[in-house]
Amino acid sequence: MNKFNFLACLLIVSALANAQEKKWTLQECVNRALEKNISIKQTELDLEAAKIAKLDALGNFIPNLNASASNSWNTGLTTNVTTGTLQTQTTRNFSAGVTASLTLFDGLRNFKQLQRAKLSRLAAEYSLDQMEDDITLLVADNYLQVLFNKQTLEVLRSQNEVTLEQIERTQELVEAGSVPRGDLLEIKATNADEKQQIILAANNVKISLISLAQILLIKDYEDFDIVERDYDILGTEILDNSVYEVIGVAKEERSEIKIAEANMDLAEKDVEIARGAYIPTLGAFFNYNTRESGAGRIVNVDIDPDEPTRQIGVVESTGDVVVTPNTVSTLGNPLPFFEQLQRNDGISYGVQINIPVFNGWATRNQVKRSEIDVKRANFQLEQAELDLEANVYQAYVDAQGAKEAYEAALVAVEAQEQAYDYATQRYEVGLSNALDFSQAKLRYENSVREVLRAKYDYIFNIKVLELYFGVPVTELKF
């Protein structure tokens, strides 16, 4: 038993350690964001609402069925149905009914409402696609920013190790009298500056990790981390297309245009629905009802020929009663509840037509408002196309600029590396001072960081352009 407990504890500790060592890939971050992001969930609710609206539209083709029942007690001065005299009494009445109705024709508005509901659902799906694209780019941008900060930190630490080695060697040269003490002080000052940059770079890593974790709705900021890998630049062949080819594909594929077109269709459908109010509507109905009462009523009176002063009344709920000018006596018991319901039931059915004649210009004004909405939707579609053209053109120029910047950075870092190697050799043989060496080293470090920045900027801009070119989020490659 003790051995079993020990193994269980070991497994738990191992699982916790593995959980803390979890590092997220870019694809895992994107999947997490698409699953948990609040903005996406809100857009999904809009899609659910659109599905419910479609069910409402389908319900217009189904008959309405309603049932009702009431049971009331009346207390006060009323006519006694047995004696025919006024007296204070309590009577009980029960009634029930079932009504069915069906719209036979309403100017085809029910069909148009269904078409509108389908368009509304389609627009909600486009909005969800657009939100997923935006969230994917947001996650990719923040993820690449973390990578850039991490690799910048590594570059600074690596260069600082070189500086520490130079301090030790310069210390030896100073003690041997080969170089002045000022060179040692210069390198130590460089070391202090690099330490400060390392601290700032480490803070940037933490801040960017927290920002990414917040987008992913991960609250464990301390243990959150990403996989550190060198991403290749993929998808550069998209720049082989002209900007106008990208714009043409974007207008066919992008959700922004599809949403604007769907809104245009919705506005036009609203005009058709509003005009349907000019047309008469035809409906059918069927009603079944019944009733029951706790007090009877005289329905037939016969005169006894042998005793003219004696009358026999047939009472519906109490049976026979003997009626004299001064007295009435009840014979028998009230009719049963369900028997009364059966005897008192009835049905009604028919059709009805409603012809609009004048309603204070309400229909006319609604049609005009809907026509204004069509014009507004048309302007929004035109604006969406203009915005998309501008955005695609900007993304294309940014991607080309990022490519040129990255290529220039590669050339610059190669030149600065050679200059740094040359400065190091000159410094080690005493042909240059520490200041010249530190300046060469600083220029080289800056060129390395610029390569990293240009590379990830290039990757991100390529992915933006791919989305505009119709590449689905699930097919983006990093």
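Source: prediction; values computed, not measured.

Asker: Account for the overall build of the chain, naming residues and giving values.
Answerer: Across its full length, the chain holds 10 helices and 8 strands. In the chain, buried positions account for 35% of the 478 residues. When contacts within the chain are restricted to residue pairs at least 6 apart in sequence, long-range pairs at least 24 apart make up 76% of them.

Asker: Just give me the short version of the packing of helix 4 (residues 109-176) against helix 10 (residues 434-468), but keep the residues and values in it.
Answerer: The geometry of helix 4 relative to helix 10 is characterised by a closest axis approach of 10 Å and an angle of 165° between their N-to-C directions. In terms of their interaxial angle, helix 4 and helix 10 are classed as roughly antiparallel. Where helix 4 crosses over helix 10, the two elements pack in a sense that is right-handed. Here the contact of helix 4 with helix 10 is built from residues that sort into 16 nonpolar, 5 polar and 7 charged.

Asker: Any details on the packing of helix 2 (residues 26-36) against helix 4? Residues and values, ideally.
Answerer: It is at 9 Å that the axes of helix 2 and helix 4 come closest, and there the two elements cross at 140°. Comparing their axes, helix 4 and helix 2 come out oblique. Crossing angle aside, the handedness with which helix 2 passes helix 4 is right-handed. Taken together, the residues of helix 4 that come into contact with helix 2 (itself represented by Leu-26, Cys-29, Val-30, Ala-33 and Leu-34) are Glu-132, Ile-135, Thr-136, Val-139, Ala-140 and Tyr-143. Taken together, the residues of the contact of helix 2 with helix 4 break down into 9 nonpolar, 1 polar and 1 charged.

Asker: How would you sum up the nonpolar core? Please name residues and give values.
Answerer: One finds Val-139, Leu-212 and Phe-224 to be the most contacted residues of the largest nonpolar core, which totals 75 residues. Looking at this core, the elements with two or more residues in it are helix 2, helix 3 (38-59), helix 4, helix 5 (181-215), helix 6 (243-253), helix 7 (255-275), helix 9 (362-428) and helix 10. It is helix 10 that provides the largest number of residues to this core, a total of 16 residues. What Leu-212 contacts, discounting residues up to four positions off in sequence, is Cys-29, Val-139, Asn-142, Tyr-143, Val-146, Phe-224 and Ile-226.

Asker: I'd like to hear about the pairing of strand 8 (residues 346-354), residue by residue, with values.
Answerer: Counting buried residues in strand 8 gives 0 out of 9 residues, a small share hidden from the surface. Relative to strand 8, strand 3 (residues 281-293) is paired through 9 bridges, and the arrangement is antiparallel. Its bridge partner being in strand 8, Phe-285 is matched across the sheet by Gly-350.

Asker: Can you break down the UniProt feature "coiled-coil region" (unreviewed entry) in the chain residue by residue, with the values?
Answerer: Sequence positions flagged by UniProt for "coiled-coil region" (unreviewed entry) are, in local numbering, residues 250-277. As annotated, residues 250-277 has a helix share of 89% and a strand share of 0%, and its two end C-alpha atoms lie 39 Å apart.

Asker: Would you mind going over unusual backbone geometry in detail, with residue names and values included?
Answerer: Positive phi, close to 65°, is recorded for Leu-108, a residue that is not glycine. Of note, Leu-108 is situated in the loop between strand 2 (86-105) and helix 4. The backbone of Trp-361 shows a phi angle near 65°, a positive value even though the residue is not glycine. If you trace the backbone, Trp-361 turns up in the loop between strand 8 and helix 9.

Asker: Talk me through the environment of Tyr-427; I want residue IDs and the actual numbers.
Answerer: Mapped onto the secondary structure, Tyr-427 falls in helix 9. Relative accessible area serves as the criterion here: at 2%, Tyr-427 is assigned to the buried category. With 11 residues separating them along the chain, Tyr-427 and Ser-438 place their C-alpha atoms 10.0 Å apart. Tyr-427 has contacts with Gln-166, Thr-170, Asp-183, Ile-187, Ser-432, Asn-433, Ala-434 and Phe-437, leaving out every residue within four places of it along the chain. Side-chain polar atoms of Tyr-427 contact the side chain of Thr-170, separated by 2.8 Å.

Asker: Outline the environment of Glu-154, supporting the account with residue identities and numerical values.
Answerer: Within the secondary structure, Glu-154 is located in helix 4. Take Glu-154: its relative accessible area is 44%, and that puts it in the partly exposed class. The spatial distance from the C-alpha of Glu-154 to the C-alpha of Ala-202 is 9.6 Å, given a sequence separation of 48 residues.

Asker: Let's hear about the environment of Phe-105: which residues, and what values?
Answerer: Along the polypeptide, Phe-105 turns up in strand 2. On a C-alpha basis, the gap between Phe-105 and Ala-284 in space is 9.9 Å, while along the polypeptide they are 179 residues apart.

Asker: Explain helix 8 (residues 337-344) to me, using residue names and the numbers behind them.
Answerer: Every α-helix winds through 3.6 residues per turn, so residues three or four apart in the chain are directed the same way. Of all the residues in helix 8, the buried ones are Gln-340, Leu-341 and Asn-344. Along the axis of helix 8, the buried residues cluster in a sector spanning 100°; they form a single face. For helix 8, exposure combined with an orientation more than 90 degrees from the buried face picks out Phe-338, Gln-342 and Arg-343. If you follow the buried residues of helix 8, they end up packed against strand 2, strand 3 and strand 8.

Asker: Describe in detail the packing of aromatic side chains, supporting the description with residues and values.
Answerer: A complete count under the given rule lists 10 aromatic pairs for this structure. Judged by centre distance (6.2 Å) and plane angle (35°), the ring pair of Tyr-406 and Tyr-458 falls under tilted. Of this pair, Tyr-406 sits in helix 9 while Tyr-458 sits in helix 10, and the two are 52 residues apart along the sequence. Per residue, the accessibility class of Tyr-406 equals that of Tyr-458, and both read buried. With 5.4 Å between their ring centres and 0° between their planes, Tyr-420 and Tyr-444 make a pair best called stacked. Linking Tyr-420 in helix 9 with Tyr-444 in helix 10, this pair joins segments that are 24 residues apart in sequence. An aromatic cluster is defined as three or more aromatic residues linked by ring pairs; in this entry it consists of Tyr-420, Tyr-427, Phe-437 and Tyr-444. Stacked on the ring of Trp-24, the Lys or Arg Lys-22 has its end atom at 5.2 Å from the ring centre.

What counts as what
Residues numbered from 1 in each chain as written. Predicted model: local features only at pLDDT ≥ 70, side-chain atom pairs only at ≥ 80, totals over all residues. Heavy atoms only, no water. Helix = DSSP H or I, 4+ residues; strand = E, 2+ residues; numbered from the N terminus. Buried < 20%, exposed > 50% of the residue type's maximum accessible area, 1.4 Å probe, protein only. Contact = heavy atoms within 4.5 Å. Axes fitted to C-alpha atoms, helices over the stretch in contact; angles between N-to-C directions. Parallel < 35°, antiparallel > 145°, perpendicular 65-115°, else oblique. Left-handed = near helix turned anticlockwise from the far one by under 90°. Nonpolar A, V, L, I, M, F, W, Y, C, P; charged D, E, K, R; others polar. Core = buried A, V, L, I, M, F, W, Y, C linked by side-chain atoms within 4.5 Å. Pairing = 2+ DSSP bridges. UniProt positions renumbered as here; feature names shortened; annotations may be inferred. Polar contact = N/O pair within 3.5 Å; in protein donor to acceptor, adjacent residues only side chain to side chain. Arc of directions from axis to C-beta. Phe/Tyr/Trp six-rings, centres within 6.5 Å; stacked < 30°, edge-to-face > 60°. Lys NZ or Arg CZ within 6 Å of the ring centre and 35° of its normal.

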